[in-house]
Amino acid sequence: MKMTCIGWWGAYPEAGGATSAYLLEHEGYRMLIDCGSGAVSHLQQHVNLAGLDAVLLSHRHHDHTADLGVLTYSRVVDMALEHTAAPLTIAAPVSDRDFFASYHREGSTEMMYYDVQDTLHLGNLVFTFQATKHPAPCAAVKVSDGKNTFVYTADTSYEDKLATFAADADLVIAEASFYAGQDAASFGHMTAEEAGIVAEKAQAKELWLTHLPHFGRHAQLEEEASAVYTGVVKLAAEGRQRSWHEK
Ligand SMILES: [Zn+2]
Ligand SMILES: [Zn+2]
């Protein structure tokens, strides 16, 4: 299993960047988790769009879905040009079924709706979820290849149960939209310190901070998480990769 960060900004991408998007590859299966603004352009630095099997969305907010529409257009074009015969699977939360249904392109996409209680199988990967505390229905995502596990918090304010969900993960990608001491909770987000607390309580092996703010000094986020978490802390960055040996 290999994870590559494609986009990491919160809210909107700064020049040359992208918001939430993570490429996951396993045994030839390629998929995206979230498809934020700039994702389709930046994804092509790493893979051919026609080779993408699926996209899974954590919630409907634009910084996680802005490029979903154009990604479906790319599949319409790639199928017409016979670059691929396979429709793109779109796995979306059933809580916003009507919103996501508008992205369906007959013949070019296959919709799959998940509930947070569901266990989803995409390729040979297993996905489980936990509802987060956020203004829109949102799911934290846990991915397992049978040997290694990584957890993506998606958007959320701090809750103890996040650490339970992320217990013993090899990698936690946690949102850090604010700095320690700021009131992240009233915006439905976490501080870097809270992300560190989640990773520490979970005894996760590594933590990446993502969904980063448009203010302050990002290195400070890393320092704040490191002050409360004993594992490895990194800032998400485009192209940052973590891979685990396949079974
Ligand atoms: Zn959100
Ligand atoms: Zn967001």
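Predicted model only: the values in this text are computed from it and were never measured. (Residues numbered from 1 in each chain as written. Chains lettered and ligands numbered in written order. Predicted model: local features only at pLDDT ≥ 70, side-chain atom pairs only at ≥ 80, totals over all residues. Heavy atoms only, no water.)

Student: Looking at this structure, how should I read helix 3 (residues 68-80)?
Tutor: Side chains three or four residues apart in an α-helix point the same way, a direct result of the helix having 3.6 residues per turn. Between its first and last C-alpha, helix 3 extends 19 Å over 13 residues, near the 18 Å set by a 1.5 Å rise per residue. Of the residues making up helix 3, those classed as buried are Leu-68, Gly-69, Leu-71, Thr-72, Ser-74, Arg-75 and Asp-78. Positive phi shows up at Glu-82, right after helix 3, with a value of about 60°. (Helix = DSSP H or I, 4+ residues; strand = E, 2+ residues; numbered from the N terminus. Expected span 1.5 Å × (residues − 1). Buried < 20%, exposed > 50% of the residue type's maximum accessible area, 1.4 Å probe, protein only.)

Student: Explanation requested: the coordination of the zinc ion (ligand 1) in the structure shown.
Tutor: Reference geometry at the metal: tetrahedral coordination by four donors gives ideal angles of 109.5 degrees; octahedral coordination by six donors gives 90 or 180 degrees. Distances from the zinc ion (ligand 1) to its protein donors, namely His-59 (NE2), His-61 (ND1), His-134 (NE2) and Asp-155 (OD), fall within the range 2.1 to 2.3 Å. Bound by 4 donor atoms, the zinc ion (ligand 1) shows angles of 91 to 165° at the metal and therefore irregular coordination geometry. Between consecutive donor residues of the zinc ion (ligand 1), the sequence gaps follow H-x1-H-x72-H-x20-D. A distance of 3.5 Å spans the gap from the zinc ion (ligand 1) to the zinc ion (ligand 2), which Asp-155 bridges by coordinating each metal. Remark: Asp-155 occurs in the loop between strand 10 (149-152) and helix 5 (160-165) and His-61 occurs in the loop between strand 4 (54-56) and helix 2 (62-65); sequence separation between them is 94 residues. (Donors = N, O, S within 2.8 Å, 3.2 Å for Na, K, Ca; no water. Tetrahedral: all angles 85-135°; square planar, octahedral: opposite > 155°, others 65-115°.)

Student: Before we go on, may I ask you to explain the sheet that holds strand 3 (residues 29-35) in this structure?
Tutor: Within a sheet, each strand pairs with its neighbour through backbone hydrogen bonds, oriented either parallel or antiparallel. What the 7 strands build is an open sheet, ordered 6-5-4-3-2-1-14; its pairing is mixed. In this open sheet, the two edge strands, each paired with only one partner strand, are strand 6 (109-114) and strand 14 (241-243). Taking the axes of each pair of neighbouring strands and ignoring which way they run, one obtains an average angle of 20° across the sheet. Bridge count between strand 2 (residues 21-26) and strand 3: 6 bridges; the pairing is antiparallel. Paired with His-26 across the strands is Tyr-29, a residue of strand 3. Where helix 3 meets the sheet, its contacts fall on strand 3, strand 4, strand 5 (88-93) and strand 6, and the angle it forms with strand 5 comes to roughly 160°. (Pairing = 2+ DSSP bridges. Axes fitted to C-alpha atoms, helices over the stretch in contact; angles between N-to-C directions. Contact = heavy atoms within 4.5 Å.)

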